[in-house]
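# Understanding the architecture of this molecule
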Amino acid sequence: MSVIDLRSDTVTQPTPAMLDAMTAAATGDDVYGEDPTVNRLETELAKRLGFAAALFVPTGTMSNLLGLMAHCERGDEYIVGQQAHTYKYEGGGAAVLGSIQPQPLEVQADGSLDLDQVAAAIKPDDFHFARTRLLALENTMQGKVLPLEYLARARRFTQDKGLALHLDGARLYNAAVKLGVDAREITQHFDSVSVCLSKGLGAPVGSVLCGSAELIGKARRLRKMVGGGMRQAGLLAAAGLYALDHNVERLADDHANAQFLAEGLREAGFTVEPVQTNMVYVQMGDRAEAIKVFAAERGIKLSAAARLRMVTHMDVNRSQIEQVIATFVEFSRK
Ligand SMILES: *Cc1c(COP(=O)(O)O)cnc(C)c1O
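## Focus: the packing of helix H13 (residues 288-296) against helix H14 (residues 318-333)
The description of two packed helices rests on the angle between their axes and on the distance between the axes. Between H13 and H14, the shortest axis-to-axis distance is 10 Å and the interhelical angle comes to 125°. With respect to H14, the element H13 is oriented oblique. You can see that H13 and H14 cross each other, and the crossing is right-handed. For the pair H13 and H14, the contacting residues are Ala290, Ile291, Phe294 and Ala295 in the first and Thr327, Phe328, Glu330 and Phe331 in the second. Within the contact of H13 with H14, the residues separate by chemical class into six nonpolar, one polar and one charged.

As structure tokens, then:
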């Protein structure tokens, strides 16, 4: 029985073609700047997203951390969503390692931060306060795509207020594919963008931070400091290049599968939030642990949560989604 894993889109296995690209990669010592494949990935993604420079790092957590630390000094502050990955799911790294104070704000229903609330949270220039330097957004945010019009407003707002604007774009390409736009339509509004290659794009490891040459120069120094300077990393960068060339458009399949899953569960009587990209949220209430165990016995891996998140990806096909729906139907009739 092949396992259907809906816990995250990080669980994908590299395909034979991706593995071929990895074994064929030319490598060198990237700490010396001599890995041609890493250099190609950095140059290529910077170009595609409209930035002067980029930096390959092991994880999205490190990419965001380096972005925050490159923008902010000790005692500076960044404004961020209460539910945002950089605030809630990265071990408090910005505070611990960067001495950067987070100012979290509640995320709006559409995944954005209310700019009036952001304005109210900006600290005056006064030695009592941390210096507010940066606004960090996330797109997609729990599967939701931030409207382009909002991004344009956030850009004007941060320019007016003298703040930098960072995007945790772990799933940037899900947002771009959903909107049917070039990813640059999104990234043009930001000073820095972090992109995960190891989520829906299907690479085994890796994220890329994009920004100005100066910002990426700082981030490169910080990457060494936090232990992220890798050597013959071209093996991994090759998987990233392969993913960018082959796995972007296919994200639409994951989105269609998520819609299909949501509709099937709704028909079975479950309460399912509207789906935009590859995430399906179902209200399981106090049945969270029970469905997890029930599904596991049938070869389906789920998280256990009252608000259960299921994520579609390249290693789950339509007929497997049908199996998942059938399992929920069986569970609901128990
Ligand atoms: C996965 C993810 C990251 C980075 O996670 P890593 O596991 O460190 O690669 C950052 N932001 C968001 C929104 C994510 O989903």
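## Points about the packing of helix H12 (residues 251-267) against H14
Interaxial distance between H12 and H14 falls to 10 Å at its minimum, and their mutual angle equals 20°. One way to sum up the angle between H12 and H14 is to call them roughly parallel. The way H12 lies across H14 gives a crossing that is right-handed. Taken together, the residues of H14 that come into contact with H12 (itself represented by Ala256, Asn257, Phe260, Leu261, Gly264 and Leu265) are Arg318, Ile321, Glu322, Val324, Ile325 and Phe328. Residue composition of the contact of H12 with H14, by class: eight nonpolar, two polar and two charged.

## Structural notes on the sheet that holds strand S3 (residues 76-81)
With respect to topology, seven strands assemble into an open sheet ordered S2-S8-S7-S6-S5-S3-S4, the strand pairing being mixed. The open sheet has two free edges, formed respectively by strand S2 (53-57) and strand S4 (101-105), since each of these has just one partner strand. When the angles between neighbouring strand axes are averaged without regard to direction, this sheet yields 20°. When S3 meets strand S5 (residues 131-138), the two strands line up parallel, connected through four bridges. Its bridge partner lying in S5, tyrosine 78 is registered against leucine 134.

## Describing H14
Since the α-helix advances by 3.6 residues per turn, residues separated by three or four positions end up pointing in the same direction. Between its first and last C-alpha atoms H14 spans 23 Å; for 16 residues at 1.5 Å apiece the expected length is 22 Å, and the two agree. All buried positions along H14 are accounted for by Gln320, Ile321, Val324, Ile325, Thr327, Phe328 and Phe331. Within H14, the buried residues cover an arc of 155° as seen down the axis, which keeps them to one side. Summarising the contacts, the buried residues of H14 are in contact with strand S1 (4-5), H12, H13, strand S10 (300-301) and strand S11 (307-311). Between the side-chain oxygen at the start of H14 and the backbone nitrogen of serine 319 there is a gap of 3.2 Å, and the oxygen is on asparagine 317.

## A short note on the domain arrangement of the protein
The extent of an interface is frequently quoted as the accessible surface area lost upon association of the parts. Domains assigned within the protein are domain 1 (16-246) and domain 2 (250-333). Relative to domain 2, the C-alpha centre of domain 1 lies at a distance of 29 Å. Counting residues at the interface gives 14 residues for domain 1, matched by twelve residues for domain 2. For the domain 1 and domain 2 pair, buried surface summed over both sides reaches about 1200 Å², with 53% attributable to carbon and sulfur atoms. Connecting domain 1 to domain 2 are five residue pairs in polar contact (both at pLDDT 80 or more). The element that contributes the greatest number of residues to the side of domain 1 that touches domain 2 is helix H8 (residues 172-179), accounting for four residues.

## Some remarks on the site of the ligand
The environment of the ligand is formed by Thr59, Gly60, Thr61, Asn64, His85, Glu90, Glu138, Asp168, Ala170, Arg171, Cys196 and Lys199. Contact distances for the ligand include 3.4 Å between a nitrogen atom and a side-chain N or O atom of histidine 85. With the chains in place, 82% of the 380 Å² that the ligand exposes on its own is no longer accessible. Per element, the largest residue contribution to the shell around the ligand is three residues, and it comes from helix H3 (residues 60-71). For the shell around the ligand, the per-class residue count stands at two nonpolar, five polar and five charged.

## Brief notes about the nonpolar core
One finds Leu49, Phe56, Leu137, Leu172 and Tyr173 to be the most contacted residues of the largest nonpolar core, which totals 53 residues. In terms of residue count, helix H11 (residues 234-246) provides more of this core than any other element does, six residues in total. Core analysis: the second largest hydrophobic core is formed by 26 residues, Ala262, Leu265, Met284 and Ala288 among them.

Calculation rules
- Residues numbered from 1 in each chain as written.
- Predicted model: local features only at pLDDT ≥ 70, side-chain atom pairs only at ≥ 80, totals over all residues.
- Heavy atoms only, no water.
- Axes fitted to C-alpha atoms, helices over the stretch in contact; angles between N-to-C directions.
- Helix = DSSP H or I, 4+ residues; strand = E, 2+ residues; numbered from the N terminus.
- Parallel < 35°, antiparallel > 145°, perpendicular 65-115°, else oblique.
- Left-handed = near helix turned anticlockwise from the far one by under 90°.
- Contact = heavy atoms within 4.5 Å.
- Nonpolar A, V, L, I, M, F, W, Y, C, P; charged D, E, K, R; others polar.
- Pairing = 2+ DSSP bridges.
- Expected span 1.5 Å × (residues − 1).
- Buried < 20%, exposed > 50% of the residue type's maximum accessible area, 1.4 Å probe, protein only.
- Arc of directions from axis to C-beta.
- Polar contact = N/O pair within 3.5 Å; in protein donor to acceptor, adjacent residues only side chain to side chain.
- Domains from an automatic or database assignment.
- Buried area = accessible area lost by both parts, 1.4 Å probe.
- Near = heavy atom within 4 Å.
- Areas by Shrake-Rupley, 256 points an atom, 1.4 Å probe, with all protein chains shown as cover.
- Core = buried A, V, L, I, M, F, W, Y, C linked by side-chain atoms within 4.5 Å.

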